[in-house]
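# Examination of the molecular architecture
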Amino acid sequence: MRGLWARIADYIREVDKIMFLLCLFTTGFGCMAVFSATHYTQSARQFIMQVVAMFIGAAAAVFISLFDFETFIKRWYIFAVIGAVPVLLTFIIGVGPAGTDDKAWLDLGITTFQPSELLKACFIITFTMHLTKVKESINKLRSLIPVCIHGGLPVILIHLQGDDGTALVFAVMVICMLWAAGLHIKYFIIFLCAIVVAAPLIYFFVMNPDQQTRIQTMFDIEGDLQGAGWQQWRGRTALAGGGIWGQGYLKGSLTQMGKAGVPEGYNDFIFVTIGEELGFAGAFLSVVLLCSICFRCLKVAKLTNNFSGKLICVGFFSWMMAQVVINLGMCLSVLPVIGITLPFFSAGGTSLSCLYLGVGLVLSVYMHRNSRTVYLHELK
């Protein structure tokens, strides 16, 4: 019994308490927002699922952090299968929300599961392994081309699912991890120039009419209030109505109207719910919490001298950062609506629990950043 308590004491002493508590507090704040955004339905199901996902995710993060992250990297092939197979299954038995063509979910009977969220955590492991293996020759084409193919696979796979928002998040993860691995800036300049040249071709020949309309709406939201501009216009109206301190918890005039007020106010537009009911103060607090988690990831990356550990932290940072920037851009009407959730806040059991898998990897990097630690249970 004494040995068990010593092990628990060792874990509490070694774990990144700042990172873990930040995530738990942010998730708790998010659960409150989900409860409010779904209060009008008179059903607590979504809130309960969010709380359950928080506990499952937190437990998974603790479990993952107990292992040295190098253990996962050495067994990268297991995570490649775990991440890829469920995504491939969506092309056969995938389901999607009513009114959309996206088949990015698997129906588990009691709930649905979005494999692309699990793939993010698995991709961090496999891509870290690849970049670590070629770190000395990353700027040579014989190494760079296979690395780019590896990075491009999840982007293409998720694009074919119809979930271009998540595909964009993967692209940001690839770019940031390549930068952290030491890829020369000339390659990023070449890539940027290629994107600029290809942008018109992508818009006219790759994007469907719905995607084109969403981009057009960015510049004239009020020009299509009965269509693509409705959600962002209502979101902008709700944010403006929140003022400094908000209309009060559970009292948002548009939030409590459901879809007639702010569509997806519990999911993609959860930030709007916070802004209307808790005002600028609540919205600012949510941004501060998310930024703190992101910066803590970079802090852990700086603390470790392990190359693979740095890449894992940068991978999770870019995952978080991409979703935060895109989601806030959607809610503030400066980016098109592409279905990206706000980390730790938006409703979604799969998204939240898988997010904690990434947290667990960062915690593992922090705990095993030193080559050897003397633990209490080892002392006589």
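Source: prediction; values computed, not measured.

Helix 12 (residues 270–303) packs onto helix 11 (residues 230–242) with a crossing angle of 25 degrees between their chain directions and a minimal axis gap of 6 Å. For the element pair helix 11 / helix 12, the angle class is roughly parallel. The element helix 11 and its partner helix 12 pack so that their crossing is left-handed. Mapping the contact onto sequence places G235, A238, L239 and G242 in helix 11 and F271, V272, G275, E276 and G279 in helix 12.

To continue, consider the layout of surface pockets. Its volume calculated, the second largest pocket comes out at about 410 Å³. Contributing to the lining of the second largest pocket are 15 residues, with C148, V174, I175, L178 and F191 lying nearest its centre. If you list the elements that add at least two residues to the lining of the second largest pocket, you get helix 7 (141–161), helix 8 (164–180) and helix 9 (185–206). The leading source of residues in the lining of the second largest pocket is helix 7, at six residues. Taken together, the residues that form the lining of the second largest pocket break down as 13 nonpolar, two polar and no charged.

Another aspect to go through is the nonpolar core. With 96 residues, the main nonpolar core has L131, L178, F316, F344 and Y356 as its most contacted residues. By residue number, the principal contributor to this core is helix 13 (residues 307–331), which donates 13 residues. Once residues lying within four places of it in the same chain are set aside, the contact partners of Y356 are C23, L24, T27, M54, G57, A58, A61 and F344.

All right, on to the packing of helix 3 (residues 45–65) against helix 14 (residues 349–367) then. Relative to each other, helix 3 and helix 14 sit at 25 degrees, their axes nearing to 7 Å. With respect to helix 14, the element helix 3 is oriented roughly parallel. Considering the relative orientation of helix 3 and helix 14, their crossing is right-handed. Of the residues in helix 14, those touching helix 3 at Q50, A53, M54, G57, A58, A60, A61, I64 and S65 are G349, L352, S353, Y356, L357, V359, G360, L361, L363, S364 and M367. Looking at the contact of helix 3 with helix 14, its residues break down into 13 nonpolar, seven polar and no charged.

The subject of this paragraph is empty space enclosed by the protein. Under the criterion given, the structure shown has three cavities of 30 Å³ or more. Its boundaries defined by the atoms lining it, the largest cavity holds a volume of some 50 Å³. A37, Y40, T255, G258, V262, E264, G265, Y266 and T273 are the residues that line the largest cavity. Split into classes, the residues belonging to the lining of the largest cavity amount to four nonpolar, four polar and one charged. When its volume is computed, the second largest cavity comes out at roughly 50 Å³. Lining the second largest cavity, in full, are F29, M32, A33, Y249, T273, I274, E277 and L278.

Another point: the pattern of salt bridges. Enumeration according to the criterion identifies five salt bridges in this entry. Of the charged contacts in the structure, one is a salt bridge between E117 and K120, with a shortest N-O distance of 3.2 Å. Of the two residues, E117 and K120 both sit in helix 6 (residues 115–133), three residues apart, roughly one turn of that helix. No difference in accessibility class separates E117 from K120, as the two residues are buried. The salt bridge involving D210 is made with R214; its shortest N-O contact spans 3.3 Å. One end of the pair, D210, and the other, R214, are both in helix 10 (residues 209–219), four residues apart, so they sit about a helical turn from each other. Note on D210: relative accessible area 43%, which makes it partly exposed. Residue R214 is classed as partly exposed on the basis of its relative accessible area of 32%.

This paragraph deals with unusual backbone geometry. Positive phi, close to 65 degrees, is recorded for Q42, a residue that is not glycine. A positive phi angle, close to 70 degrees, is found at F344, a residue other than glycine. Residue position: F344 is located in the loop between helix 13 and helix 14. In this structure F344 comes out as buried when scored by relative accessible area, which is 2%.

Under the defined criterion, the tally for this structure stands at 14 aromatic pairs. Centre to centre, the rings of F63 and F67 are 5.1 Å apart; their planes meet at 70 degrees, and the pair counts as edge-to-face. It is R369 that lies over the ring of Y366; its NZ or CZ is 3.9 Å from the centre.

This next bit is on the state of the cysteines. For the structure on display, the rule yields zero disulfides. This cysteine, C31, is not joined by any disulfide, and C23 carries the nearest cysteine sulfur, 13 Å off. When its relative accessible area of 4% is taken as the criterion, C31 is described as buried. The thiol of C294 is unpaired, and the distance to the nearest cysteine sulfur, on C291, comes to 6.2 Å.

Criteria and cut-off values
- Each residue is numbered by its place in its chain's sequence as written, counting from 1.
- pLDDT decides what is reported in this predicted model: residues at 70 or higher carry local features, side-chain atom pairs at 80 or more are listed and counted, and totals for whole chains, interfaces and linings draw on all residues regardless.
- Water and hydrogen atoms were dropped before computing side-chain values, which therefore reflect all heavy atoms in the structure.
- Lines fitted to C-alpha atoms define the axes here, with helix axes fitted over just the stretch in contact, and angles between the N-to-C directions of these axes take values from 0 to 180 degrees.
- Comment: elements are numbered from the N terminus, with helices defined as DSSP H or I runs of at least four residues and strands as E runs of at least two.
- Note on angle classes: values under 35 degrees are labelled roughly parallel, values over 145 roughly antiparallel, values of 65 to 115 roughly perpendicular, and the remainder oblique.
- Each crossing gets its handedness from the near helix: less than a right angle anticlockwise from the far helix is left-handed, clockwise is right-handed.
- Every residue pair with non-hydrogen atoms within 4.5 Å of one another is taken to be in contact.
- The definitions used throughout rest on a 1 Å grid laid over the protein atoms alone, on which a cavity is an enclosed set of points accommodating a 1.4 Å probe that cannot get out and a pocket is an open set flanked by protein within 12 Å on both sides along at least five of seven lines; lining residues are those having an atom within 4 Å of a point.
- Grid points are joined across faces, edges and corners, and a volume is the space filled by probe spheres set on the points.
- Three residue categories are used. Nonpolar comprises Ala, Val, Leu, Ile, Met, Phe, Trp, Tyr, Cys and Pro, charged comprises Asp, Glu, Lys and Arg, and polar comprises the others, including Gly.
- Buried Ala, Val, Leu, Ile, Met, Phe, Trp, Tyr and Cys residues that are joined via side-chain atoms within 4.5 Å together make up what is termed a nonpolar core.
- Partly exposed describes any residue whose relative accessible area lies between the buried limit of under 20% and the exposed limit of over 50%, with all areas from a 1.4 Å probe on protein chains only and scaled to the type maximum.
- By salt bridge we mean one thing: a side-chain nitrogen of Lys or Arg within 4 Å of a carboxyl oxygen of Asp or Glu.
- When the centres of two rings from Phe, Tyr and Trp lie within 6.5 Å, Trp using its six-membered ring, the rings pair. Their planes under 30 degrees apart give stacked, over 60 give edge-to-face, and anything left gives tilted.
- In this scheme, Lys NZ or Arg CZ marks a charge over a ring once it lies within 6 Å of the ring centre and within 35 degrees of the ring normal.
- The criterion for a disulfide is a pair of cysteine sulfur atoms lying within 2.5 Å.

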